[in-house]
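Understanding the architecture of this molecule
Chain by chain, the residues:
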Amino acid sequence: MKKNLDIIKENWQKIIEKMQNEFDISNISFETWIKPLTILKYEKDTLYINVPEEGYIPYLKKKYEKPLLITIEEETNIHIDIVFSTPDDIKEKTKITRDQKSRYQNAGISPTYTFDNFVIGSSNSLAHATSLAVAENPGLLHNPLYIFGQSGLGKTHLLHAIALYIIKENENANVRYVTCENLMNDFVNLISFNKGPEEFKIKYRDVDILLVDDIQFLSHKRALQEEFFNIFNTLYENNKQIVITSDKPPRELEDVEERIITRLAWGVPVDIEPPDYETRLAILRKKEDNLGVSLDNEIIKYIAQKITTNIRELEGALGLIIAKERLEKISITLNQAMELLDKTIKEEDLNSNKMQKITQIVADHFHLLFKDIISEKKGRNYSRPRQIAIYLINEKTEETLVSIGNFFGGRDHSTIIHSIRTINEQLKVDKELKNIVENIKKKIN
């Protein structure tokens, strides 16, 4: 009988490729974060995965740990835990005490993200300054601190930096970092094991600093909102520091109770915008320095010009080129770098364009605006065309449910499934709908 390790090793390539497709991972992200991963060892139902750079670990844990676990189980029927590690993990790259390391782990943070290695530019200088002020005077200034901006601009970095600073300066401070998703998991687990919401509240209100990442995922979760409201009040009334991140300002949070939105807006909402060209260059050069590599300066400039909105994609493009150099043991030229990045970006743009074109054709058929189709507008005049667009995108493209949901304003994959099933069922009995869909298909073709 084959051992679990052998089964996973044999299926590793299938696992990571399926993970890319199922969870809508871009080619740049796949080449940078997932493809370089290798299996280090398997011990006591735990798979140790080799990561090329220690600095990758916090992001891999946050973004890809759960998708990887799900895909391994689906592909092999093996239920395991995952630890991202490096072969020389025992050697500390940063000189921290054993007590500090334990406190970092208990707080849920990594020593990788500090204020020192946060690249400051015009787009994020205010967020950096207010974060540092909070770290120096927790509970006294900007409480709560609310940092918002699109994904991949450094919000999580600042949360970790605040936590690290406070832990180093105050050995008695009780610090807890958590994503909103993990907050939900904790809540569900405590309820499932009949421990009740009281234990959940104690876990999160008995802290000096609470940092919650991606608070927008409170949306539609009424029971969790109630518990979060109680935790927030307890901490605030006791002058404990609260730091929140989100992809949108408080007033734009969807289906979150007004009393929570009001409290989130009590402090200082600070925006992080996409970095300008000079900041993008500085980020890439800082990353080069951290990785101990040196690329042609023209390649660095090209990456900074080509990728403008997301630091993670920016670093991912750099990582893709470095990975190709290391794998093929060559020095990449500017033309090779341009060809590599253009091919990757064009593939992603093509998928997005297909969804846009189908949606625009549906919008035109119903005499609606494109933005109406992907908006939150309710009523049959909007919901029916939206469901038809979702149904056709699912039929005509290879997009994942997650990708389609993101395209339609970040809708949950269950909503996408419901739309597809609704149109499928109605097509069996509704001749008028069948004619409409057939006419739109002709326009698409």
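Residues numbered from 1 in each chain as written. Predicted model: local features only at pLDDT ≥ 70, side-chain atom pairs only at ≥ 80, totals over all residues. Heavy atoms only, no water.

**Details of helix H7 (residues 155-169)**
What counts here: Only DSSP runs of H or I with at least four residues qualify as helices, and only runs of E with at least two residues qualify as strands; both kinds are numbered from the N terminus onward. Every helix has an expected span of 1.5 Å times one less than the residues it contains. We call a residue buried when its accessible area falls under 20% of the maximum for its residue type, exposed when it is over 50%, and partly exposed in between, using a 1.4 Å probe and counting protein chains only.
For H7, which comprises 15 residues, the first-to-last C-alpha distance of 22 Å matches the rise-based estimate of 21 Å (1.5 Å per residue) to within 8%. Counting buried residues along H7, twelve of its 15 residues qualify, which places the element largely inside the surrounding structure. Every buried residue of H7 is accounted for by Lys 155, Thr 156, His 157, Leu 158, Leu 159, His 160, Ala 161, Ile 162, Ala 163, Leu 164, Ile 166 and Ile 167.

**Here's the deal with the nonpolar core**
Selection rule: By nonpolar core we mean a set of buried residues, namely Ala, Val, Leu, Ile, Met, Phe, Trp, Tyr and Cys, connected to one another through side-chain atoms within 4.5 Å. The criterion used for residue contact is that any of the two residues' heavy atoms lie within 4.5 Å.
Counting 49 residues, the largest nonpolar core has Ile 8, Trp 12, Leu 68, Ile 72, Phe 84 and Ile 303 as its most contacted members. Element by element, the count of residues in this core is highest for helix H14 (residues 311-328), at seven residues. Once you skip the residues sitting within four places of it in the chain, Ile 303 turns out to touch Leu 284, Leu 314, Ala 317, Leu 318, Ile 321 and Leu 341. With 26 residues, the next largest nonpolar core counts Phe 200, Leu 210, Leu 218 and Phe 232 among its residues.

**So, the environment of Phe 232**
In this fold, Phe 232 is placed in helix H10 (residues 222-237). For Phe 232, a relative accessible area of 3% translates into the label buried. A C-alpha to C-alpha distance of 7.8 Å links Phe 232 and Ile 242, two positions ten residues apart in sequence. With residues up to four places along the chain from it excluded, the contact list for Phe 232 reads Pro 144, Ile 242, Arg 263, Leu 264 and Trp 266.

**What to know about the sheet that holds strand E2 (residues 46-50)**
We count it as follows: In this scheme, strands are said to pair when DSSP sees at least two bridges between them. Only the stretch in contact is used when a helix axis is fitted, and all axes are lines through C-alpha atoms; the angle between N-to-C directions ranges over 0 to 180 degrees.
Across the sheet, which stays open at both edges, the three strands sit in the order E1-E2-E3 with mixed pairing between neighbours. Every interior strand has two partners, whereas the edge strands, strand E1 (38-43) and strand E3 (81-85), have only one. When the angles between neighbouring strand axes are averaged without regard to direction, this sheet yields 25°. In this structure, E2 lies alongside E3, joined through five bridges in parallel fashion. Each residue of the ladder has a partner; that of Thr 46, found in E3, is Asp 81. Strand contacts of helix H4 (residues 57-76): E2 and E3, with the helix running at about 145° to E3, the strand carrying the most contacts.

**Description of the sheet that holds strand E5 (residues 175-179)**
With parallel pairing, five strands are arranged side by side in an open sheet as E5-E6-E7-E4-E8. Every other strand in the sheet has two partners, leaving E5 and strand E8 (268-271) as the edge strands with one partner each. Neighbour-to-neighbour, the strand axes of the sheet open up by a mean angle of 15°, direction not taken into account. Note: E5 against strand E6 (residues 209-213), five bridges, orientation parallel. Across the sheet, the residue bridging to Val 178 is Val 212, located in E6. Of the strands in this sheet, strand E4 (145-148), strand E7 (241-246) and E8 are in contact with helix H6 (residues 125-136), which crosses E4 at around 155°.

**A short note on the pattern of salt bridges**
Filter applied, for reference: Each salt bridge in this description consists of a side-chain nitrogen of Lys or Arg and a carboxyl oxygen of Asp or Glu lying within 4 Å of one another.
Enumeration according to the criterion identifies 17 salt bridges in this entry. One salt bridge in this structure joins Lys 18 and Glu 75, with 3.6 Å as the shortest N-O distance. Taken together, the positions of Lys 18 in helix H2 (residues 12-22) and Glu 75 in helix H4 put the pair 57 residues apart, joining distant regions of the chain. Since its relative accessible area comes to 24%, Lys 18 is described here as partly exposed. For Glu 75, a relative accessible area of 26% puts it in the partly exposed group. Glu 257 serves as the salt-bridge partner of Arg 259, at 2.5 Å between the closest nitrogen and oxygen.

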